[in-house]
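Single-letter residue listing:
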Amino acid sequence: MLDADTFDRIREPRSAGRLQPGAGAWHRVSRRYLKAQLLSYGLLLAVVVVAVTVATLVLGQPWPLIPGTIAVVFLVTMLVILPRQVRAIGYLLRADDLVLRRGILWQRVVAVPYGRMQLVDITHGPLDRHFGIAQLKLVTAAAASAVSIPGLDQAAAEALRDHLVEVAENRRTGL
Amino acid sequence: MTAPTPALVRSPLSDGRWHRPHPITPLLRGGVALLVVAGVVIANLRERLLFLVLPWLRPPGDERWEQPGDPVDWIIANEQYVLASLGLLAVIVVLVIGFALAWRFHTFRITGDDVEVRSGILFRSHRRAPLDRVQGVNLTRPFVARFLGLAKLEVVGAGTSGNVKLEYLRLHDAETIRADILRLASGLELAPDAVAVGPGGLRAEAARAISGIVDGDEPAVESPSVVDLPVKRLVLARLLDPATIGGVTTLVAGLIVAACGTPWILFGAVPAGLGLLGYQVQVLLRSLRFGIAPTPDGVRITFGLLTSVTEILPPGRVHAVELTQPLLWRPAGWWTVRINRVTGNESAQGGADQLSVVLPVGTVEEVARVLGLLLPALDGPRLHALLDAGLAAHPADDPFLTTPRRARILRPLTWRRNGVRLDVDVLAMRRGVVWRQLVLVPLARLQSIALVQGPLARRFSVAGLHAHTVKGPVIAKIGSIDRDAVTARWHEVETAAITAAAADRSHRWADAGAQTPEERA
């Protein structure tokens, strides 16, 4: 259920000094998440390019070229690193906690005990719905925890939420 | 909604029924705005009224008040004294009715499960704080209310803006209600040896109170503060604080630059310098009359010269502790102690800030006594070992896991001090050479823990450890620790945190037989 249509393996940094949070049944995110992200950044890029072109050529205004170029450089960079970034997201369900890893250049591995979860939240925008994916967020009493797993298959997101709520119920503690 | 067990409450106001606060409450709450309005009106009319009553004081030939359209002139000219008095009377009547209604609609009750407050005339509000989530109870006596013998209670809840305020009450009522709330929240009634529930009645009440005193159930005298801060030390500590020095430097530099021909610099330097100094004076005033003492229901923290605040922090409500030492305090060996705790109000940053300081300035001995109250699980020898290693520059035979030699370029000054240590159920982080810091996180309160690594750290095969706690001034982060060692430490901390949280019973601290939710399930 959790591994339907996901990436085959988690992408890690190549350097020997990388973080190695340990082996285990790491789950990956849906392949469709990459498509959705590429599409949304691609659309944004198209809008920016069209707007700047129209402003420069049709209206004869040269100044939009400056913010336009910055935006295009940023968006193209995002499009290039997205496939790597998305493949680096992984989560691991252990006996008493959930571990989430993200990032290649900036690696971050967070462990959240099930008993610390205050609520589990599923969100999906229109584009997400079209691709049948959703984002799952875990909220603890600490804002810094910021655990969100994007790009889960919708069925997987709901199964995961039900699982998390169930295990959290058995381990609930105070703040 | 169950009424609280009569054996557990002392105040007639906490019997599970709705009660009203002291009748003067609306005046104290809305009174400030009214005073300001009245003050502005009086200030503007002062000379008019003075010359009206004592016309001979008026300088001859002063015609500046004789402007057409002035309402006071109009009243005098048309002899409409009755109308004016009626108008004034109407304003007063409306105010009085408003205040009376506000008072009538403002009620509170304390039940066996929660504390509730209803208020508002047009826009009704109903706040409720569940007792098993109480994070603390503050008793504040603002300057004006102190003269009237009144106080307000604030029950700190778990959520953001989850505080419930009972204002204003007679001081005695406020104190007994606070004790009641804490006793109910402590889970005493769930304890196996709970007092048998007897019928109420005055005689029974009195007998219970007396036996309570005899049995030591309620301490007749409050325990004294474990630290005694001399005013001299508080003032000196403020003077040696970097913010004071920064403020003075800004002022002096501003004056010198201004004297050299750029006077406009004063517009920036003077407010900035005075702001910093004013902040220091504020901190000083708050730290006067500071006290911290143990009570059966938690740690009692008292402070404030003009507005006095007493807070009771029940056990297990401390999420992180930080000891810091500015450079100039080092010769005296002083430290300041701050904590992260759930404050319930995000907006009141100033208030949250003052409650987060649990020791404004103290010696290592005093720090140890305060920490003994805040983290009772950390017993004497362990605490002293931790402090010895954590406060020194770099002790011999260091129990802390520090930055490896190969990565010293990432922490050129602090690499031997920058370290982390897991001590059974406390995570300690040691940072800084110039500005020394030691952070302690009780693992029973840890929310989550992260390992982080950027490209530079990866080159040196090191990584950082971030412990996430509730929002507050203490930041529990450490960087540049050996990758393998810190990964192992991360696993250990997580395991220890799960164990500590499962064994934690502090949400019902007086209930020795309380089960953890896991055992109940």
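Note that this is a predicted model, so its numbers are computed, not measured.

1. Side note on the overall build of chain B
Along chain B, the regular secondary structure elements total 15 helices and 19 strands. Carbon and sulfur atoms form 65% of the exposed surface of chain B, whose accessible area is close to 25,700 Å².

2. Examining the interface of chain B and chain A
In this assembly, 34 residues from chain B lie in contact with 34 residues from chain A. Both faces combined, the contact of chain B with chain A buries some 2,800 Å², and carbon together with sulfur accounts for 55% of it. Together, Gln447, Arg458 and Arg483 of chain B form the three largest contributors to the area buried by chain B at its contact with chain A, with a combined 22%. Taken together, the links from chain B to chain A amount to zero salt bridges. Here chain B is connected to chain A by 15 residue pairs in polar contact (both at pLDDT 80 or more). Broken down by secondary-structure element, the contributors of at least two residues to the side of chain B that touches chain A are strand 17 (448-453), helix 13 (455-459), strand 18 (462-468), helix 14 (483-503) and helix 15 (517-520) of chain B. Here the side of chain B that touches chain A takes seven residues from helix 14 of chain B, the largest share from any one element. Taken together, the residues that form the side of chain B that touches chain A break down as 17 nonpolar, 11 polar and six charged. In terms of strand pairing, strand 4 (residues 107-113) of chain A meets strand 17 of chain B through five bridges, oriented antiparallel.

3. Observations concerning the sheet that holds strand 4 (residues 136-141) of chain B
Residue and element names in this part refer to chain B. Here six strands make up an open sheet; going across it, the order is 6-5-4-9-8-7 and the pairing antiparallel. Of all strands in the sheet, those with a lone pairing partner are strand 6 (164-170) and strand 7 (291-295), marking the two edges. On average, each strand axis in the sheet is tilted by 20° relative to the strand beside it, whichever way the strands run. By the bridge criterion, five bridges tie strand 8 (residues 298-303) to strand 9 (residues 308-313) in an arrangement that is antiparallel.

4. Looking at the packing of aromatic side chains
Residues and elements named next belong to chain B. Inspection of every chain in the model, using the stated rule, returns two aromatic pairs over all chains. Geometrically, the ring pair formed by Trp329 and Trp334 is edge-to-face, given 6.4 Å between the ring centres and 80° between the ring planes. Assessed through its relative accessible area of 1%, Trp329 is described here as buried. Accessibility expressed as a relative area gives 9% for Trp334, which makes it buried. If you follow Arg118 out to its NZ or CZ, it ends over the ring of Trp18, 3.8 Å from the centre.

5. Remarks on helix 12 (residues 380-391) of chain B
Residues and elements named next belong to chain B. End to end, helix 12 covers 16 Å across 12 residues, agreeing with the expected 16 Å (1.5 Å per residue, within 8%). Along helix 12, the positions that sit buried rather than exposed are Leu383, Leu386, Leu387, Ala389, Gly390 and Leu391. Next to the buried residues of helix 12 lie strand 10 (320-325), strand 11 (335-340), helix 11 (364-374), strand 14 (419-423), strand 15 (426-431) and strand 16 (436-442).

6. Some points on the pairing of strand 7 of chain B
Residue and element names in this part refer to chain B. As paired strands, strand 7 and strand 8 are joined by five bridges and run antiparallel to one another. In the sheet register, Ile292 faces strand 8, and the bridge partner there is Ile301. Between the antiparallel neighbours strand 7 and strand 8 lie two residues.

7. Here we look at the environment of Val299 of chain B
All names here are of chain B. With respect to the element layout, Val299 can be found in strand 8. Considered as a pair, Val299 and Leu313 are 14 residues apart in the sequence and their alpha carbons are 5.1 Å apart. Dropping the residues within four chain positions of it, Val299 is found in contact with Ile292, Ala293, Glu311, Ile312, Leu313, Leu373 and Leu374.

8. So, the sheet that holds strand 3 (residues 125-130) of chain B
Residue and element names in this part refer to chain B. Within the open sheet, the three strands sit side by side as 1-2-3. Their pairing is antiparallel. Where the open sheet ends on each side, the last strands, each with one partner, are strand 1 (107-110) and strand 3. On average, each strand axis in the sheet is tilted by 10° relative to the strand beside it, whichever way the strands run. Here four bridges tie strand 1 to strand 2 (residues 114-119), and the two strands are oriented antiparallel to one another. By the bridge assignment, Phe108 is partnered in strand 2 with Val117.

9. Thoughts on the pattern of salt bridges
Residues and elements named next belong to chain B. Under the definition given, this model contains 26 salt bridges over all chains. The shortest N-O distance in the salt bridge between Glu116 and Arg109 comes to 2.9 Å. Two residues, Glu492 and Arg489, come together in a salt bridge whose shortest N-O distance is 3.4 Å. Highlighted residues: Glu492 and Arg489, both in helix 14, separated by three residues, approximately one helical turn. Shared partners join several salt bridges into a network, and the residues in it are Arg109, Asp114, Glu116 and Arg128.

10. Remarks on the side chain of Glu494 of chain B
Among the secondary structure elements, Glu494 of chain B is positioned in helix 14. Of the side chains with opposite charge, Arg94 of chain A comes closest to the buried, unpaired Glu494 of chain B, at an N-O distance of 4.8 Å.

11. What to know about the environment of Val470 of chain B
Relative to the helices and strands, Val470 of chain B resides in the loop between strand 18 and strand 19 (476-482). With a relative accessible area of 6%, Val470 of chain B lands in the buried category. Residues Val470 of chain B and Val318 of chain B, spaced 152 residues apart in sequence, show a C-alpha to C-alpha distance of 9.7 Å. Beyond its immediate chain neighbours, meaning those up to four positions away, Val470 of chain B contacts Ala141 and Ala142 of chain A together with His319, Asn340, Arg341, Val342 and Gln447 of chain B.

12. What to know about the packing of helix 8 (residues 242-259) of chain B against helix 9 (residues 266-287) of chain B
Residue and element names in this part refer to chain B. Running from N to C, helix 8 and helix 9 cross one another at 160°; their axes reach a closest spacing of 8 Å. Relative to helix 9, the element helix 8 lies roughly antiparallel. For the pair helix 8 and helix 9, the sense of crossing is left-handed. Within the contact between the two elements, helix 8 uses Ala243, Thr244, Gly246, Gly247, Val248, Thr250, Leu251, Gly254, Leu255 and Ala258 and helix 9 uses Leu266, Ala269, Val270, Ala272, Gly273, Leu274, Leu276, Leu277 and Gln280. Taken together, the residues of the contact of helix 8 with helix 9 sort by class into 12 nonpolar, seven polar and no charged.

13. Digging into the packing of helix 11 of chain B against helix 12 of chain B
Residue and element names in this part refer to chain B. Taken N-terminus to C-terminus, the directions of helix 11 and helix 12 make an angle of 130°; their axes are 11 Å apart at the nearest point. It follows from the interaxial angle that helix 11 and helix 12 lie oblique. Relative to helix 12, the crossing made by helix 11 is right-handed. Residues Val364, Ala368, Leu371 and Gly372 of helix 11 lie in contact with helix 12, whose contacting residues are Leu383, His384, Leu387 and Leu391. Residue composition of the contact of helix 11 with helix 12, grouped by class: six nonpolar, two polar and no charged.

14. Brief notes about the domain arrangement of chain A
All names here are of chain A. Segmenting chain A into domains produces domain 1 (32-83) and domain 2 (90-172). Its C-alpha centre places domain 1 at a distance of 31 Å from the equivalent point of domain 2. With six residues of domain 1 at the interface, the matching set in domain 2 holds seven residues. When the buried area of domain 1 at its contact with domain 2 is split by residue, Arg32, Tyr33 and Ala36 rank highest and sum to 75% of it. Linking domain 1 with domain 2 are one salt bridge. The shortest N-O distance in the salt bridge between Asp153 and Arg32 comes to 2.4 Å. Counting across the interface, domain 1 meets domain 2 through three residue pairs in polar contact (both at pLDDT 80 or more). Partitioned by chemical class, the residues of the side of domain 1 that touches domain 2 number three nonpolar, one polar and two charged.

Conventions we followed
Residues numbered from 1 in each chain as written. Chains lettered and ligands numbered in written order. Predicted model: local features only at pLDDT ≥ 70, side-chain atom pairs only at ≥ 80, totals over all residues. Heavy atoms only, no water. Helix = DSSP H or I, 4+ residues; strand = E, 2+ residues; numbered from the N terminus. Areas by Shrake-Rupley, 256 points an atom, 1.4 Å probe, with all protein chains shown as cover. Contact = heavy atoms within 4.5 Å. Buried area = accessible area lost by both parts, 1.4 Å probe. Salt bridge = Lys/Arg side-chain N within 4 Å of Asp/Glu carboxyl O. Polar contact = N/O pair within 3.5 Å; in protein donor to acceptor, adjacent residues only side chain to side chain. Nonpolar A, V, L, I, M, F, W, Y, C, P; charged D, E, K, R; others polar. Pairing = 2+ DSSP bridges. Axes fitted to C-alpha atoms, helices over the stretch in contact; angles between N-to-C directions. Phe/Tyr/Trp six-rings, centres within 6.5 Å; stacked < 30°, edge-to-face > 60°. Buried < 20%, exposed > 50% of the residue type's maximum accessible area, 1.4 Å probe, protein only. Lys NZ or Arg CZ within 6 Å of the ring centre and 35° of its normal. Expected span 1.5 Å × (residues − 1). Lys, Arg positive; Asp, Glu negative; His and termini not counted. Parallel < 35°, antiparallel > 145°, perpendicular 65-115°, else oblique. Left-handed = near helix turned anticlockwise from the far one by under 90°. Domains from an automatic or database assignment.

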